[in-house]
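This is what each chain is made of:
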Amino acid sequence: MADHPDEKVLRREKELIGQVKDEKARANLLSIAMTLAFRHFKEKWVKEYFAEEMTMIKSANIVQEWIDEATEKGIQQGIQQGAQESIKEVLEARFNLVPDELVQSIRQVNELAILHKLLKKAAVVNSLEEFQSIVKILL
């Protein structure tokens, strides 16, 4: 750790990490070192500096965990946005124009269980006003 890291500090860090016997641990440490280096050095330089280690870094557990988390988050966001859009489309099919204020309220709902309830309600409510009151209650 250094307040103002430079190439000398990074070189020493790589030397110390290189001494770690466990390959997975070494890969994890290199990925962390590279991530921290991005905070202090130009991206292009960091990528060149860690070029030899990139294959090992890509195999690091921590990198795979980040990829898995990002993928899961993307899937959940896609499902959420799809549910929000479905609610809007059902309301448009039933009542034609859906006010922007209501669309914004629907987009504030993040929980899938609530979105599914709203989708079912959108299919059976008698008016947009009734639906708006349901959304307000659920928010």
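Residues numbered from 1 in each chain as written. Predicted model: local features only at pLDDT ≥ 70, side-chain atom pairs only at ≥ 80, totals over all residues. Heavy atoms only, no water.

Our focus in this paragraph is the overall build of the protein. What the protein contains, in helices and strands, is eight helices and zero strands. Beginning at the N terminus, the succession of helices and strands in the protein can be written as α-α-α-α-α-α-α-α. The contacts in the protein between residues at least 6 apart in sequence include a share of 62% that link residues at least 24 apart. With an accessible surface of roughly 9,800 Å², the protein has 52% of that area assigned to carbon and sulfur atoms. If you average the places of the 20 positive and of the 23 negative side-chain charges in the protein, the two averages end up 1 Å apart. (Helix = DSSP H or I, 4+ residues; strand = E, 2+ residues; numbered from the N terminus. Contact = heavy atoms within 4.5 Å. Areas by Shrake-Rupley, 256 points an atom, 1.4 Å probe, with all protein chains shown as cover. Lys, Arg positive; Asp, Glu negative; His and termini not counted. Charge placed at Lys NZ, Arg CZ, Asp CG, Glu CD.)

Per the counting criterion, the structure on display carries six salt bridges. In this structure, Lys 47 and Glu 43 form a salt bridge, with 2.8 Å as the shortest nitrogen-oxygen distance. On the criterion of helical spacing, the pair formed by Lys 47 and Glu 43 is a turn pair, its members being four residues apart in helix H3 (residues 43-49). By relative accessible area, Glu 43 is classed as partly exposed at 47%. If you follow the salt bridges from partner to partner, you end up with Glu 85, Lys 88, Glu 92 and Arg 107 in one network. (Salt bridge = Lys/Arg side-chain N within 4 Å of Asp/Glu carboxyl O. Buried < 20%, exposed > 50% of the residue type's maximum accessible area, 1.4 Å probe, protein only.)

Glancing now at the nonpolar core. Formed by 17 residues in total, the largest nonpolar core has its most connected members in Ile 87, Leu 91, Leu 102, Ile 106, Leu 118 and Phe 131. Dropping the residues within four chain positions of it, Phe 131 is found in contact with Ile 87, Leu 91, Leu 102, Ile 106, Leu 118, Lys 121, Ala 122 and Val 125. By size, the runner-up hydrophobic cluster in this structure holds eleven residues, among which are Leu 10, Leu 30, Tyr 49 and Phe 50. (Core = buried A, V, L, I, M, F, W, Y, C linked by side-chain atoms within 4.5 Å.)

What follows covers the environment of Asn 61. Among the structural elements, Asn 61 can be located in helix H5 (residues 61-95). Residue class for Asn 61 comes out partly exposed when judged on its relative accessible area of 35%. Considered as a pair, Asn 61 and Ala 27 are 34 residues apart in the sequence and their alpha carbons are 7.9 Å apart. Those residues in contact with Asn 61, other than ones at most four positions away along the chain, are Lys 24 and Asn 28.

Between the first and last C-alpha of helix H1 (residues 7-18) there are 16 Å, a value that for twelve residues agrees with the 16 Å anticipated at 1.5 Å per step. Residues of H1 that are buried include every one of Leu 10, Lys 14 and Ile 17, and no others. All buried residues of H1 lie within an arc of 65° about the axis, which places them on one face of the element. Those residues of H1 that are buried lie in contact with helix H2 (23-40) and H3. (Expected span 1.5 Å × (residues − 1). Arc of directions from axis to C-beta.)

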